[in-house]
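# Understanding the architecture of this molecule
Listed below are the residues making up each chain.
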Amino acid sequence: MPLTQDQREEFLAGTHPASVAVDDRGGRGPLNVPIWYAYRPGGAIRAVTGRDSRKAHLLAAAGRCSFLVQRVEPTYRYVSAEGPVTLRTATAGDLEEVAGRYLPADVLATYVDNTFRSYGPEGLVLVELLPEHWLSADIGAN
């Protein structure tokens, strides 16, 4: 059964495995890779990635992508969103918002520091997807 808008946004706001898919435009299939994300109902889906990554280059070139979040234990549920993306230099706060959903609090600051040290102050980008089109289902819901 498809999810209502409220169910869809509540599920997306939880912490789940996610993947982003973007057109490769190079004669290959779309790039489809796992990613950490943050989301607040009604807002954009936010993720952080390396500025020089293949993912960032493809997102910038395509200007849009698809995003999938799923739960595999019963009942199986997924939410997929597709729409335009914007990229800008990520801040430590952006990375904390995203990574803080997946990492324990006692390692978050070290992770953010190490990541910014590795990539440099301009080396990470914040990707924001503004959902235009949605697909969702809860398979097995009554």
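Data block above holds the structure.
What comes next is a walk through the structure. (Residues numbered from 1 in each chain as written. Predicted model: local features only at pLDDT ≥ 70, side-chain atom pairs only at ≥ 80, totals over all residues. Heavy atoms only, no water.)

## Regarding the pairing of strand S7 (residues 124-129)
- The buried fraction of S7 is high, at 5 of 6 residues.
- Examined bridge by bridge, strand S4 (residues 45-50) and S7 share 6 bridges and lie antiparallel to one another. Looking at S7, one finds that Arg 46 is bridged to Glu 128.
- Two elements, strand S6 (residues 76-89) and S7, share 5 bridges in a ladder whose sense is antiparallel. In the sheet register, Arg 88 faces S7, and the bridge partner there is Leu 126. (Buried < 20%, exposed > 50% of the residue type's maximum accessible area, 1.4 Å probe, protein only. Helix = DSSP H or I, 4+ residues; strand = E, 2+ residues; numbered from the N terminus. Pairing = 2+ DSSP bridges.)

## Considering the side chain of Lys 55
- Topologically, Lys 55 is positioned in helix H2 (residues 54-62).
- Although Lys 55 lies buried, it forms no salt bridge, and the closest oppositely charged side chain, Asp 24, sits 13 Å away as judged by the N-O distance.
- One polar contact links Lys 55 to Thr 49, side chain to side chain, over a distance of 3.5 Å.
- With sequence-adjacent residues up to four places away left out, Lys 55 is seen in contact with Val 20, Leu 31, Val 33, Pro 34, Ile 35 and Thr 49. (Lys, Arg positive; Asp, Glu negative; His and termini not counted. Salt bridge = Lys/Arg side-chain N within 4 Å of Asp/Glu carboxyl O. Polar contact = N/O pair within 3.5 Å; in protein donor to acceptor, adjacent residues only side chain to side chain. Contact = heavy atoms within 4.5 Å.)

## Some thoughts on the environment of Gly 100
- Inspection of the secondary structure assignment puts Gly 100 in the loop between helix H3 (92-99) and helix H4 (105-119).
- Separated by 36 residues in the primary sequence, Gly 100 and Arg 64 have C-alpha atoms spaced 25 Å apart.
- Discounting residues that sit within four places of it in the chain, Gly 100 has contacts with Leu 95 and Leu 108.

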